[in-house]
Amino acid sequence: APGLREVLRAAVLCNDATVGSNGADALGDPTETALLAAAERAGLDTELERRAYPRPAALPFDAERRLMATVHARPGGGTVLYVKGAPEAILPRCTRQGRDAASREIDRMTEGGQRVLVLAARDDVAPEALEDGLSELRLLGIAAMIDPPRDGAAEAVEACRQAGVRVLMITGDHPRTARAIGAALGLADRP
């Protein structure tokens, strides 16, 4: 089974956020900056990891594909492909090992309103064959984060309703996560 260090390494390397000039604040997509911050808090030196594992190829996140993939040169030779993305985009690309347990844990997390990403890897993928390497992945782990509704959001939803405005929620989150957030905002099962 992969260790926490490899999960964190995947989260740092398959990531376009950067550490700020003061060495603390990260710049970029909030999800990716949260992953960098979590890795730093766990003791991983993100800049050192990025220098040790240079990135010759990347497949940027795409809303249709719902994943990001990067190929990295290993310090001792060879390469590693890291992939992160939506559970429904990554799990079907993984080998069976650990998939059922991961699915159960993802269900539990999303029902609690957490946003969930799956991290996976595959060894020795050539940079020019990155897209062809997006199968038979090794499941590394799950990253879950809470993105709670802003203060006053539930009150704003209710004020709109009282004014006769129909409120809809549009999100790219997992359906269970969206349902939990919608319930917190008073949107669940209401016209």
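Residues numbered from 1 in each chain as written. Predicted model: local features only at pLDDT ≥ 70, side-chain atom pairs only at ≥ 80, totals over all residues. Heavy atoms only, no water.

### Some thoughts on the overall build of the protein
Working step 1: Helices and strands together make up the secondary structure of the protein, namely seven helices and seven strands.
Working step 2: Overall size of the protein, expressed as C-alpha extent along the three principal axes, is 65 × 40 × 25 Å.
Working step 3: Taking all 191 residues of the protein together, 39% fall into the buried category.
Working step 4: Accessible surface, the protein as shown: approximately 10,600 Å² in total, 51% of it carbon and sulfur.
Working step 5: With 24 positive and 28 negative side-chain charges, the protein shows a spacing of 3 Å between the two charge centroids. (Helix = DSSP H or I, 4+ residues; strand = E, 2+ residues; numbered from the N terminus. Buried < 20%, exposed > 50% of the residue type's maximum accessible area, 1.4 Å probe, protein only. Areas by Shrake-Rupley, 256 points an atom, 1.4 Å probe, with all protein chains shown as cover. Lys, Arg positive; Asp, Glu negative; His and termini not counted. Charge placed at Lys NZ, Arg CZ, Asp CG, Glu CD.)

### Comments concerning the nonpolar core
Working step 1: Counting 23 residues, the largest nonpolar core has L67, A69, L81, V83, I90, L130 and L134 as its most contacted members.
Working step 2: In this structure, L8, A10, A17 and L140 belong to the second largest nonpolar core, which totals 22 residues. (Core = buried A, V, L, I, M, F, W, Y, C linked by side-chain atoms within 4.5 Å.)

### Regarding unusual backbone geometry
Working step 1: Phi at D124 takes a positive value of approximately 55°, unusual for a residue other than glycine.
Working step 2: Relative accessible area serves as the criterion here: at 59%, D124 is assigned to the exposed category.
Working step 3: Positioned with a positive phi, E136 is a non-glycine residue whose angle comes to about 50°.
Working step 4: You can see E136 is positioned in the loop between β6 (114-123) and β7 (138-146).

### What to know about the sheet that holds β7
Working step 1: If you walk across this open sheet you meet the five strands as β3-β4-β5-β6-β7, and the pairing is antiparallel. In this open sheet, the two edge strands, each paired with only one partner strand, are β3 (57-62) and β7. Ignoring which end each strand starts from, the neighbouring axes of this sheet average 20° apart.
Working step 2: Sheet analysis places strand β5 (residues 79-85) next to β6, joined by six bridges and oriented antiparallel. (Pairing = 2+ DSSP bridges. Axes fitted to C-alpha atoms, helices over the stretch in contact; angles between N-to-C directions.)

### Focus on the pattern of salt bridges
Working step 1: Inspection of the entire model under this criterion finds ten salt bridges.
Working step 2: Residue D16 is joined to R55 by a salt bridge in which the shortest nitrogen-to-oxygen separation is 2.9 Å. Taken together, the residues D16 in the loop between α1 (4-13) and β1 (18-19) and R55 in the loop between α3 (46-52) and β3 connect sequence positions 39 residues apart.
Working step 3: For D16, a relative accessible area of 46% gives the class partly exposed.
Working step 4: Among the ionic pairs, R138 bridges to D123, the shortest N-O distance being 3.2 Å. Placement of R138 in strand β7 and of D123 in strand β6 is noted, with a sequence separation of 15 residues between them.
Working step 5: For R138, a relative accessible area of 30% gives the class partly exposed. (Salt bridge = Lys/Arg side-chain N within 4 Å of Asp/Glu carboxyl O.)

### What about the environment of Q162?
Working step 1: Assignment of secondary structure puts Q162 in helix α6 (residues 153-162).
Working step 2: For Q162, a relative accessible area of 67% translates into the label exposed.
Working step 3: Expressed as a C-alpha distance, the spacing of Q162 and R122, which sit 40 residues apart in the sequence, is 53 Å.

### Observations concerning the environment of V12
Working step 1: Position of V12 relative to the elements: it lies in helix α1.
Working step 2: Those residues in contact with V12, other than ones at most four positions away along the chain, are L36, A39, L44, T46, E49 and R50. (Contact = heavy atoms within 4.5 Å.)

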